Amino acid sequence: MKKAFFFGDKSIESAVRRVNEVRLVGVIGAGTMGRGIIVDLLAKTDYDLIVLDVSQEALDRTREHLATTWSEQVRGFRIREEDAGALAERVTYTQNYADLAGADIIWEVATERGAVKAKIFEAIEQHVDAERIAAVFSNTSSHMTEELAELFKSQALREKLLTVHGYFPFDANRLIDVMKGKYASEETFAFGVVFADQILEKTVIALPVDHHGYITDPIFQAMAAIITWDVRSHRDLVDLGGLWDLFTTNPFTVLDQTGHMPYTESSRHLGEHLPSTDRLRNLYDRDKKRYPDWIARLEKEGATGLASDNRRGFFAWTDDARPTPNAVLDPSTGEYVEMGEISRKDYWSYYEAAERDRRAGKIKSVDALVHVACANDSGGRAFRRYALPICLYALDMIQDGVATPGQINVSTRAGLRFKAGIIEVIDGLIGHLTIDGFIELLRRARDENADDSYMLELLDIDGKVGPRAGKPCLLHDMKRRNYDRLLGYGRYSRTPVAELDLATGRYEGFYADLRFVGPSTRDRVVSIVFNCPLRGNVFNRAVIDQLAHAYDRVLKMHRAGHCGAVLFSAAGSGMRMLGADAREFNRGWFERDKGYSPLSEEEAASSSRNAVGLFRTIQRSPVATIGVFGEKWGGGAEFTYFLDLRYDVRAEGFVYDSLDRTSRWGPKTTYNQPELDFAILPGFGAAGELKRLGMGDSVIFEIFDQGITADRAYQVGLCNAVFDGDFEALRRGYDRARNMAKDAPYSRALFKKELARGADDAALAEETGEVFNPKKNPYIATGLLALLDRGRRAPRMNYECTDVDLPGWAYPSENGLAEEGAAAPKRPQAE
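Residues numbered from 1 in each chain as written. Predicted model: local features only at pLDDT ≥ 70, side-chain atom pairs only at ≥ 80, totals over all residues. Heavy atoms only, no water.

Overview of the overall build of the chain
So the rule is basically this: By definition, any uninterrupted DSSP run of H or I lasting at least four residues is a helix, any uninterrupted run of E lasting at least two residues is a strand, and each is numbered from the N terminus. For the radius of gyration, the atom set is restricted to C-alpha positions; the globular benchmark scales as 2.2 Å times the number of residues to the power 0.38. Relative accessibility under 20% of the residue-type maximum defines a buried residue, over 50% an exposed one, and the middle range a partly exposed one, all with a 1.4 Å probe and only protein chains included. When checking whether two residues touch, look at their non-hydrogen atoms; a contact exists if any pair is within 4.5 Å. Areas reported here follow the Shrake-Rupley algorithm with a probe of radius 1.4 Å; residue values treat only the protein chains shown as occluding. The sign given to each residue is positive for Lys and Arg and negative for Asp and Glu; His and the chain ends receive no count. Taken as the charge location is NZ of Lys, CZ of Arg, CG of Asp or CD of Glu.
The helix and strand tally for the chain stands at 30 helices and 24 strands. Here the chain has a C-alpha radius of gyration of 28 Å; the compact-globule value for 831 residues is 28 Å, and the two agree. Among the 831 residues that make up the chain, the fraction classed as buried is 55%. Within the chain, counting contacts between residues at least 6 apart in sequence, those at least 24 apart form 70% of the total. As presented, the chain carries roughly 35700 Å² of accessible surface, and 50% of it is formed by carbon and sulfur atoms. Separation of charge centres in the chain, based on 107 positive and 123 negative side chains, amounts to 3 Å.

Structural notes on the packing of aromatic side chains
Worth spelling out the cut-off: Centres within 6.5 Å make a pair out of two Phe, Tyr or Trp rings, where for Trp the six-membered ring is used; the pair is then stacked when the planes are under 30 degrees apart, edge-to-face when over 60, and tilted otherwise. Throughout this description, the term charge over a ring refers to an Arg CZ or Lys NZ atom that lies within 6 Å of the ring centre and within 35 degrees of the ring normal.
Scanning the model with the defined rule gives 33 aromatic pairs in all. Ring plane angle 45° and centroid distance 6.4 Å describe the contact between Phe-530 and Phe-629, whose orientation is recorded as tilted. Taken as a pair, Phe-530 in strand β16 (residues 525–530) and Phe-629 in strand β18 (residues 624–629) lie far apart in primary sequence, 99 residues in all. Linked through ring pairs, Phe-530, Phe-539, Phe-568, Phe-615, Phe-629, Phe-639, Phe-642 and Phe-684 together constitute an aromatic cluster. Its guanidinium or amino end placed over the ring of Phe-727, Lys-3 lies 4.2 Å from that ring's centre, counting from NZ or CZ.

Looking at the packing of helix α15 (residues 366–373) against helix α18 (residues 422–448)
Heads up, the rule is: Lines fitted to C-alpha atoms define the axes, with helix axes restricted to the stretch in contact, and inter-axis angles between N-to-C directions lie between 0 and 180 degrees. Each angle is binned into one of four classes, with values under 35 degrees roughly parallel, values over 145 roughly antiparallel, values of 65 to 115 roughly perpendicular, and all other values oblique. Crossings are classed by handedness, with left-handed meaning an anticlockwise turn of the near helix from the far one by less than a right angle and right-handed meaning a clockwise turn. Residues are grouped as follows: Ala, Val, Leu, Ile, Met, Phe, Trp, Tyr, Cys and Pro are nonpolar; Asp, Glu, Lys and Arg are charged; all remaining types, including Gly, are polar.
It is at 8 Å that the axes of α15 and α18 come closest, and there the two elements cross at 30°. Accordingly, the angle class assigned to the pair α15 and α18 is roughly parallel. α18 is crossed by α15, and the crossing has right-handed handedness. Facing Val-366, Asp-367, Leu-369, Val-370 and Ala-373 of α15, the residues of α18 in contact are Glu-424, Val-425, Gly-428, Leu-429, His-432 and Leu-441. The residue inventory of the contact of α15 with α18, partitioned by class, reads 7 nonpolar, 2 polar and 2 charged.

Observations concerning the side chain of Arg-158
In plain terms, the rule: Basic side-chain nitrogens of Lys or Arg form a salt bridge, by our definition, when they fall within 4 Å of a carboxyl oxygen of Asp or Glu.
Assignment of secondary structure puts Arg-158 in helix α7 (residues 155–158). The side chain of Arg-158 is buried and forms no salt bridge, while Glu-150, the nearest opposite charge, is found at 5.5 Å. If we skip the residues at most four places from it in the chain, Arg-158 touches Ala-149, Glu-150, Phe-152, Tyr-183 and Ala-184.

Side note on a nonpolar patch on the surface
For the record, the criterion: Residues qualify for a patch when their relative accessible area is over 30% and they have no salt bridge, like charges being joined within 9 Å and the nonpolar side chains of Val, Leu, Ile, Met, Phe, Trp and Tyr within 5 Å.
A cluster of nonpolar side chains, Phe-585, Phe-678 and Ile-680, forms an exposed patch at the surface whose accessible area comes to about 290 Å². Assignment of secondary structure puts Ile-680 in the loop between β23 (671–672) and α24 (686–692).

Topic: the nonpolar core
Put simply, the test is: What is meant by a nonpolar core is a set of buried Ala, Val, Leu, Ile, Met, Phe, Trp, Tyr and Cys residues, joined one to another through side-chain atoms within 4.5 Å.
Within the largest apolar cluster, 223 residues are counted, with the highest numbers of intra-cluster contacts made by Phe-530, Leu-547 and Phe-568. A per-element tally of this core places helix α16 (residues 378–399) first, with 13 residues. Among all residues touching Phe-568, those that are not within four sequence positions of it are Ile-528, Phe-530, Leu-547, Tyr-551, Ile-618, Thr-625, Ile-626, Gly-627, Val-628, Phe-629, Phe-639 and Leu-643. Grouped together as the second largest cluster of nonpolar side chains are 22 residues, Tyr-97, Ile-106, Val-128 and Ala-149 included.

Thoughts on the sheet that holds strand β8 (residues 203–207)
Counted only if it meets this: A pair of strands is considered paired only if DSSP assigns at least 2 bridges between the two.
With respect to topology, 8 strands assemble into an open sheet ordered β3-β2-β1-β4-β5-β6-β7-β8, the strand pairing being mixed. The open sheet has two edge strands with one neighbour each: β3 (91–94) and β8. For this sheet the average axis-to-axis angle between neighbouring strands, irrespective of direction, equals 20°. Examined bridge by bridge, strand β2 (residues 48–52) and β3 share 4 bridges and lie parallel to one another. Looking at β3, one finds that Val-51 is bridged to Tyr-93. Along the sheet, helix α3 (residues 56–75) makes contact with β2 and β3, crossing β3 at roughly 160°.

Thoughts on the pairing of strand β1 (residues 24–28)
Inclusion rule: For a crossover, the right-handed case is the one in which the path from the first strand over the helix to the second runs clockwise, viewed with the strands pointing away from the viewer.
With 5 of 5 residues buried, β1 lies mostly within the body of the structure. Covered by surrounding structure in β1 are Leu-24, Gly-26 and Ile-28 together with Val-25 and Val-27, the residues of both alternating faces. Alignment of β1 against β2, held across 5 bridges, turns out to be parallel. Across the sheet, residue Val-27 finds its bridge partner in β2, namely Val-51. Crossover β1 to β2 through helix α2 (residues 32–44) is right-handed.

Looking at the packing of helix α9 (residues 216–228) against α16
One way to put it is that α9 packs onto α16 with a least axis distance of 10 Å and a crossing angle of 150°. If you check the angle between α9 and α16, you find them roughly antiparallel. By crossing handedness, the relation of α9 to α16 is classed as right-handed. Every residue of α16 that contacts α9 at Pro-218, Ile-219, Ala-222, Met-223, Ile-226 and Ile-227 is listed here: Arg-385, Tyr-386, Pro-389, Ile-390, Tyr-393 and Met-397.

Digging into the state of the cysteines
Defined as follows: Two cysteine sulfur atoms form a disulfide, by the criterion used here, when they sit within 2.5 Å.
The full count for this structure, using the stated rule, is 0 disulfides. Counting only cysteine sulfurs, Cys-391 is the nearest neighbor of Cys-374, a cysteine outside any disulfide, at a range of 12 Å. Not engaged in a disulfide, the cysteine Cys-801 finds its nearest cysteine sulfur in Cys-563; these two sulfurs lie 10 Å apart. Note on Cys-801: relative accessible area 1%, which makes it buried.

A closer look at the sheet that holds strand β12 (residues 487–489)
The strand order β12-β13-β14 describes an open sheet built from 3 strands, whose pairing is antiparallel. In this open sheet, the two strands that pair with only one neighbour each are β12 and β14 (506–509). Taking each pair of neighbouring strands and ignoring which way they run, the sheet shows an average axis angle of 40°. Taken together, the 4 bridges between strand β13 (residues 496–501) and β14 define a ladder with antiparallel strand orientation. Directly across from Leu-500, in β14, lies its bridge partner Tyr-507. Strands β12 and β13 of the sheet are contacted by helix α17 (residues 405–415), whose axis makes an angle of about 140° with β13. Lying on the sheet, α18 is in contact with β12 and β13; it crosses β12 at an angle near 80°.

With respect to the environment of Asp-400
Tracing the chain through its elements places Asp-400 in the loop between α16 and α17. Using a relative accessible area of 34% as the deciding quantity, one classes Asp-400 as partly exposed. Measuring from C-alpha to C-alpha, the distance between Asp-400 and Arg-78 comes to 46 Å, with 322 residues separating the pair along the chain. Ignoring anything within four residues of it in the chain, the contact list for Asp-400 reads Arg-468 and Lys-471.

So this is what it looks like as structure tokens:
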């Protein structure tokens, strides 16, 4: 959204106010990442931007890049010509730091070289009012916040510095890190988190503790670095780099796309500054070398990827709009040779893993990775040599208190686009092998690499050698405490919904695709925000698992008297909500040349059964619900039909006129059910729920055949209020939820029961009598005082439902792992 909202969370209220005062942002550095940040800020805010770079050529390239971007969006009917002009007018290009004096935020996105950063920070300090500016961000990949803050002499500026780091491509990658460090104030930290979350619309990993490279960067950096020292021929870049294709993608292709400079500069910095306890330290310090000679040669020759003049780096790339590698470097000769496929003879486990996934309808699954990890081929040995140290590093970060299991898992999923996060992989190895078996696998890896002292340090689990000497791996502590997984998994599809808190031994809710804001004592409103705007906030198996877990928490809070209403909404400008994830309509990975691979009838039925069952629980529960959304499609619209109230935000954009065959700017439909066009049905219950809501057949056909606008929905009674802007809709929606939460639980539960049942005069008379019985309805005494004794303030109602039988409703039973607060699973003690 263009403005932030506090969702009743008093702890961020002042940060939200300060974020909403931002008008001018300065970006220092007009390179690849700087351009991505600029595009994102222009698209998501109304801010004016000042772009500073010492190179006029870099500024010119950025101006040209933005012009091309807006031109393409105009041609694609995403924005109008006048919008493109307005976007261009909001950017000022400069080489003068004095032009940054009025900025509310300054975001440094320059080189990783410490000497250059020192000069930049000195210039910032000379020209910026430390008391006025809200924050200074650095997009550093490897420096710690503390060391950068110390480049400022002013304590006031040190307190305003955060490292705020996005991932390539910035405007299309949902992950962002916000790291506080030693000096930043709590106010600045809260400001950075709110800004990254609600204005940039990212999945935020908020790290109070300083750490080199956050979570994601050291993992990605190590994915490449751990292989580079073993690269002898072009086959190694293909075969060994191909290991990571089983998780996400070959890191050497990514480095060519981003340019090698961040990698080499980070390697230099990490080699000099990683603490003595960091497991990965020796990857950047081998005979005082930070990376191998063959990479140094590439750097010297300027062969640093797509941005180099010859479009060469680790690979040679095609010269077209969507470049792809067409040859690979042979480091032994410096020549580029045909890539070829990964050897089936030596790496057969890679191919078996892919086939296993194909037969099971899965994509890069944990099961497939476990199969490779245990294999007796070159693929298995590569996994044990290169992937297991990364797993151990993830465990180190948990053990050292740097990050939580959920943060690490989401970082690898969202930032590195792992199909299964690194903690899911660790849980999968433990689940298949037991902790003892996993430890034996690690010892097998150690024995396979016994002649390599560097690998023995990387694979140490007993605290015997290297940086982790004296600190045995977390697996030993987990074994001692009988914990056999780090994440909690959902009830339907077993996707992650919670993380283990090692301090308490309990699982706490942690969601990759939802934001859960608990109730305040005063308001008793929970806010659940669908939080993956880059993908349109789609419903998929993971989201259904997370929503089920989140609503279980709501019901527990309701039973305890802490929650009376839920506000549902969606992150992103326009609060857009798409339907079921089309990727899950295909069995496994969709391949264009192979066409559609159909789901089985049971697979398709289960997706409907699970979602509708959950939506029905939300609908029938005694908790008041309101949805505040903009444009809704398919299952996104269907979900709202199950809620008590719907507040709509008007949507505008290009609308295609099929008669004139042209697109015109105007009001867009906000309720859309296009399923029949694609030969499927609305599997989340649209037809029945629209009938229940009183929509006539003609209105239902209108929704299905052409969609209806927010104003039309209000006219026919499908929504309860319409607003022009996101912020006002949220403000009014939250206030309505706050008032709905005041309803007495017994009365609301009985009222919902009556609505579901329909007219029954005899039952109504009986239920009216029950309402006046304080043994059945203990809330009536407090409730009626507000009517009877108007001269004094009524006492506060106790909303607790622990010992009350609510009519037509029974709270669900505890369900183990999926429950927030459930104790970690215990294994029987070994005999």
